[in-house]
Amino acid sequence: MADLLTHLLVPYVLLTVASWRVDWLDQRWVVVGMGGAAIPDLIKVRIVVDESTVETLLGIPFAYGPLSTFGGILLLAGIITVAFERRHWGRVFGLVTFGGLTSLLLDGMRVYADGRASAWLYPFTNWRPPTPSLYVSSDPAVLVVAVLAAGTVTLLDGRIRARN
């Protein structure tokens, strides 16, 4: 769970800081971007619902793996986008995709045994980029840094909004 929370906090920090300069980017849009950060972690649903169950429900072949890729993010961002009013589609798609990409980039910095991240650029390429191996998912220090950064940004955001 610490991994998912970190994935949600990073776009919160980045989009909240961006909202200080971008007029239309208020807290409701920051939350939309944060939602996109959860897309790559949907792969963990396989713990509860087997792929064969989803295949039976959809009537087509299904695998969770591609959800944790750039193509999966684009697909799900498109599906999420059409749930909003048409006038917001561009904004929603961009924010959801941004949130998903931040998750992929964070995952790309994890430690992998062979020194290469997963093929998160699929379906565009199966190339596995090298990883700097900065942390392991279970490392609590990563979550502590994310929580401290989010707390700091929240305090600063409150002061900036109070001035305006």
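Anything mentioned here points back to the structure above.
Here's a quick rundown of the structure. Computed from a predicted model, the values in this text were never measured in an experiment.

Calculation notes
Residues numbered from 1 in each chain as written. Predicted model: local features only at pLDDT ≥ 70, side-chain atom pairs only at ≥ 80, totals over all residues. Heavy atoms only, no water. Helix = DSSP H or I, 4+ residues; strand = E, 2+ residues; numbered from the N terminus. Buried < 20%, exposed > 50% of the residue type's maximum accessible area, 1.4 Å probe, protein only. Polar contact = N/O pair within 3.5 Å; in protein donor to acceptor, adjacent residues only side chain to side chain. Axes fitted to C-alpha atoms, helices over the stretch in contact; angles between N-to-C directions. Parallel < 35°, antiparallel > 145°, perpendicular 65-115°, else oblique. Left-handed = near helix turned anticlockwise from the far one by under 90°. Contact = heavy atoms within 4.5 Å. Expected span 1.5 Å × (residues − 1). Phe/Tyr/Trp six-rings, centres within 6.5 Å; stacked < 30°, edge-to-face > 60°. Salt bridge = Lys/Arg side-chain N within 4 Å of Asp/Glu carboxyl O.

### Notes on the side chain of D157
By the element assignment, D157 lies in helix α6 (residues 140-163). A relative accessible area of 6% means that D157 is categorised as buried. One polar contact links D157 to W20, side chain to side chain, over a distance of 2.8 Å.

### Observations concerning the packing of helix α4 (residues 70-81) against helix α5 (residues 89-107)
Any two packed helices are characterised by the angle at which their axes cross and by the distance between the axes. One can describe the packing of α4 onto α5 by two numbers: an axis separation of 9 Å at closest approach and a directional angle of 150°. Overall, the two elements α4 and α5 adopt an arrangement that is roughly antiparallel. As α4 runs across α5, the sense of the crossing is right-handed. On α5, the residues touching F70, I73, L74, A77, G78, I80 and T81 of α4 are W89, V92, F93, V96, T97, G100, L101 and L104.

### With respect to α5
Compared with the 27 Å implied by 1.5 Å per residue over 19 residues, the 27 Å span of α5 between its first and last C-alpha is a close match. Within α5 the residues assigned to the buried category are V92, L95, V96, T97, G99, G100, T102, S103, L104, L106 and D107.

### A closer look at unusual backbone geometry
Along the chain, Y122 connects to P123 via a cis peptide bond; the corresponding omega equals 10°. Residues other than glycine seldom take positive phi values, yet S133 does so here, at roughly 50°. Examined against the element boundaries, S133 turns out to sit in the loop between α5 and α6. A residue is classified by how much of its surface remains accessible, and S133, at 31% relative accessible area, is partly exposed.

### Observations regarding the packing of aromatic side chains
For any pair of aromatic rings, the description rests on two quantities: the centre-to-centre distance and the angle between the ring planes. Across all of its chains, the model carries two aromatic pairs by this definition. Aromatic pair F62 and Y64: ring centres 5.0 Å apart, planes at 85°, arrangement edge-to-face. Taking relative accessible area as the criterion, Y64 reaches 4% and is therefore assigned buried. Aromatic side chains F70 and F124 sit 5.5 Å apart centroid to centroid with 50° between the ring planes, which places their arrangement in the tilted category. Of this pair, F70 sits in helix α4 while F124 sits in the loop between α5 and α6; the two residues are 54 residues apart in sequence, bridging distant segments of the chain.

### Overview of the pattern of salt bridges
Scanning the model with the defined rule gives eight salt bridges in all. The closest approach of N and O atoms between D3 and R110, which form a salt bridge, is 3.9 Å. Here the residue D3 occupies a position in helix α1 (residues 2-19), and R110 occupies one in the loop between α5 and α6, the gap between them amounting to 107 residues. For R161, the salt bridge is made with D157, and the minimal N-O distance between the two is 2.9 Å. Of this pair, R161 and D157 both sit in helix α6, separated by four residues, roughly a single helical turn. It is possible to trace a salt-bridge network through shared partners that takes in D3, D41, K44, D107 and R110.

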